Amino acid sequence: MPLTMMDVIDSAVKIGLGAAISAFASYKTNKSNHLNEKDREVRAHKIKTIEMVAEKCERFINCYLNYRNRLAGILRKRSTDEEFLLSRSSIESLQEVDKDLFSALESANTARARLSLMRATAAQAELSRMISLLSRIRNPIMQEHLAPSRTAFDRFTHDMSDAINKFHEELARLYEGIT
């Protein structure tokens, strides 16, 4: 079977075209696999970051609850509904849980920074609100030994509970939004 120049050229074109199609398909497949792997790694990192934020904030919230419960126990013994000076023993009792709370505040600030990096402004705002509320009630107690009025304490616990619930809702929204 004699080969003509046309048969050789035809075969060369077919082989070259097949190789080009194969190379293009291989390139697209590799690129797609790389992008899928990258997306998977980004999602895993986001999930890990949100879980770390939740962990640090739960530590902060638990320390806040210990502080609040200790303060509530002290305030139940009050004889007035207005502000008053706390006794030395009351302050010492609060200082025990305040050390943990102050340490947990550092964790909350780390979590707030991570939320900022994720551009999770709503969750960051609620965490900032919790920290601010706590500072407004804690600082007069620990620095001036001044107990809040019953109304101020009740408003604080309500506002803090609201901020915690909204914070958890925002974290859940972030978690659900990871695609």
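Residues numbered from 1 in each chain as written. Predicted model: local features only at pLDDT ≥ 70, side-chain atom pairs only at ≥ 80, totals over all residues. Heavy atoms only, no water.

J.: Explain unusual backbone geometry here, please?
T.: With phi around 60°, Arg119 is a residue other than glycine that occupies positive phi space. For Arg119, a relative accessible area of 73% puts it in the exposed group. In this model, His145 sits at a positive phi of 60°, which is unusual for a non-glycine residue. For His145, the location among the structural elements is in the loop between α3 (121-144) and β2 (146-147). (Buried < 20%, exposed > 50% of the residue type's maximum accessible area, 1.4 Å probe, protein only. Helix = DSSP H or I, 4+ residues; strand = E, 2+ residues; numbered from the N terminus.)

J.: Can you help me understand the packing of helix α1 (residues 5-76) against helix α4 (residues 150-176) in this one?
T.: The relative placement of two packed helices is expressed as an angle between their axes plus a distance between the axes. Orientation of α1 relative to α4, taken along the N-to-C sense of each, is 165°, at an axis distance of 12 Å. On the basis of their axis angle, the class for α1 and α4 is roughly antiparallel. Viewed along their axes, α1 and α4 form a crossing whose handedness is left-handed. Here the contact of α1 with α4 is built from residues that sort into 18 nonpolar, 2 polar and 3 charged. (Axes fitted to C-alpha atoms, helices over the stretch in contact; angles between N-to-C directions. Parallel < 35°, antiparallel > 145°, perpendicular 65-115°, else oblique. Left-handed = near helix turned anticlockwise from the far one by under 90°. Nonpolar A, V, L, I, M, F, W, Y, C, P; charged D, E, K, R; others polar.)

J.: Explain the pattern of salt bridges here, please?
T.: Per the counting criterion, the structure on display carries 9 salt bridges. The partner of Glu37 in a salt bridge is Arg40, and the shortest N-O contact between them spans 3.0 Å. Here Glu37 pairs with Arg40, and both are found in helix α1, just 3 residues apart, close to one helical turn. Take Arg40: its relative accessible area is 45%, and that puts it in the partly exposed class. The residue Arg129 makes a salt bridge to Glu126 at a minimum N-O spacing of 3.0 Å. Of the two residues, Arg129 and Glu126 both sit in helix α3, 3 residues apart, roughly one turn of that helix. On the basis of relative accessible area, Arg129 is assigned to the partly exposed category, the value being 27%. (Salt bridge = Lys/Arg side-chain N within 4 Å of Asp/Glu carboxyl O.)

Functional significance is not addressed by these values, which are geometric in nature.
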